[in-house]
Amino acid sequence: MQKSSNEIHISYNIAISAFLILCTLVIMILATACLGHIKIPWLQTAKIIFSKFTGQKGLLNEIEEVITAIVWDVRLPRIITSCAVGGGLAISGVVFQGLLRNPLADPYTLGVSAGAAFGASLALLLNISFFGSFSVALLAFLGACTTLVLVIYLASSSSEFSSYTLILSGIIITAILSAGISFIKYMADEQVSVIIFWLMGSFVSKTWFDAILTLLVSIIGFVICFAYSRDLNLIALGQRSAIALGSDILKVSITLLITVSLITSICVSTSGIIGFIGLLVPHMLRSVVGPDNRILMPLSMVVGAILLLLGDTITRVVLPHEIPIGIITTLIGGPFFCYIFRKRQQEGKLF
């Protein structure tokens, strides 16, 4: 009975923490929409957002059209996009780390992000527009899926996936794709500056189309991944134990890998390469809330959104000149990756 009471108490604390984190995200969205070269009072910002969502245009009578356009058409799409990308990459990190049982795994470990970047860069180079606004995203997804198939093909010797072989296969494919991206930049000529800036990761000039597409895919991907959160918990016990407890390892692995590939490809096609969010967020939260993916996954999504929104706000508001957000995440995430790598190496648990 005491154990049951403790579990209820822990669940209650986690629920309260999740609610507070979600409230923090909402407050940050409102606060960051006020900030920029033109500072806008929070009350006006709140009125603009509330008016647009509810259709009560009377609230905008005393607000200049320019102010409304800045908040609704410029800042808010960028803010929503950064939150969606941060949440999506964090979910992908949770799934990769759960499947591979390795805290070094994230959307970039298996080369999925490099594949998406290659496909998107190819679309930008060739100016492919057969599918309108979806062209870059579609090429990124095809690149991510093709990369995933190649990685699985190289790594598969049976119905089981080894963390060691998957990561090594990802490293090999990533090296090849990096050379391909370099060749695309060499051939781009006048477009090379656009591709280079995009590859560094940025949320400049994002539209509501980008925000809605990324948010929709991240939410759908989260629902699918969360449905398999119990299976991820079983996989953490080992593949034999998971199979004995009724989990179809092959089906779960393929479904989750395709889902996170879609999330990653949309994030990359929208914002470029933004590294280490999928590595940092799940690892930090796992040490606080534990390894249960039913708790870790939703918290990671919200915290990932908060961290990337905070980083983008720093580049947009605090720094004298805006720099790509991918540079900041790499400068922070790189040393953290080295720390985890060294720690795992000393513990003899690298793979």
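Above this text is the structure in question.
Described in the following lines is the structure provided in the data block. What you see is a predicted model; the values in this text were computed from it and never measured. (Residues numbered from 1 in each chain as written. Predicted model: local features only at pLDDT ≥ 70, side-chain atom pairs only at ≥ 80, totals over all residues. Heavy atoms only, no water.)

### A word on the pattern of salt bridges
Applying the stated criterion to the full structure yields three salt bridges. Two residues, Arg78 and Asp312, come together in a salt bridge whose shortest N-O distance is 2.9 Å. In this pair, Arg78 sits in helix H3 (residues 65-100) while Asp312 sits in helix H13 (residues 293-318), placing the two residues 234 residues apart along the sequence. Take Arg78 and Asp312: they sit in the same class, and that class is buried. What you see here is one network of salt bridges that share partners, running through Arg78, Asp312 and Glu322. (Salt bridge = Lys/Arg side-chain N within 4 Å of Asp/Glu carboxyl O. Helix = DSSP H or I, 4+ residues; strand = E, 2+ residues; numbered from the N terminus. Buried < 20%, exposed > 50% of the residue type's maximum accessible area, 1.4 Å probe, protein only.)

### Let's talk about the packing of aromatic side chains
The geometry of an aromatic ring pair is captured by the separation of the ring centres together with the interplanar angle, meaning the angle of the planes. For the structure shown, the criterion picks out four aromatic pairs. An angle of 40° between the planes, with centres 4.7 Å apart, marks the rings of Trp72 and Trp208 as tilted. You can see Trp72 sitting in helix H3 and its partner Trp208 sitting in helix H8 (residues 208-227), a full 136 residues away along the chain. Judged by its relative accessible area of 15%, Trp72 is buried. The class of Trp208 is partly exposed, set by a relative accessible area of 23%. Members of the aromatic cluster, each reached through a chain of ring pairs, are Phe53, Trp72 and Trp208. (Phe/Tyr/Trp six-rings, centres within 6.5 Å; stacked < 30°, edge-to-face > 60°.)

### A word on helix H6 (residues 163-188)
End to end, H6 covers 36 Å across 26 residues, agreeing with the expected 38 Å (1.5 Å per residue, within 8%). Within the sequence span of H6, burial applies to Ser163, Leu166, Ile167, Ser169, Gly170, Ile173, Leu177, Gly180, Ile181, Ile184 and Ala188. Contacts from the buried residues of H6 go to H3, helix H4 (112-126), helix H5 (135-155) and helix H7 (192-199). (Expected span 1.5 Å × (residues − 1). Contact = heavy atoms within 4.5 Å.)

### Let's talk about helix H12 (residues 277-289)
Three- or four-residue spacings in an α-helix give side chains the same orientation, since the helix completes a turn every 3.6 residues. In a regular helix each residue adds 1.5 Å, so 13 residues correspond to 18 Å; H12 covers 18 Å between its end C-alpha atoms and thus fits that length. Inspection of H12 places Ile277, Gly278, Leu279, Leu280, Val281, Pro282 and Leu285 among the buried residues, and these make up the whole buried set. Looking one or two residues beyond H12, the residue adopting positive phi is Gly290, at roughly 95°.

### Some points on unusual backbone geometry
Residues other than glycine seldom take positive phi values, yet Asn127 does so here, at roughly 55°. Residue placement: Asn127 occurs in the loop between H4 and H5. For Ser205, which is not glycine, the phi dihedral falls at a positive 60°.

Honestly, it's all geometry; don't read function into it.
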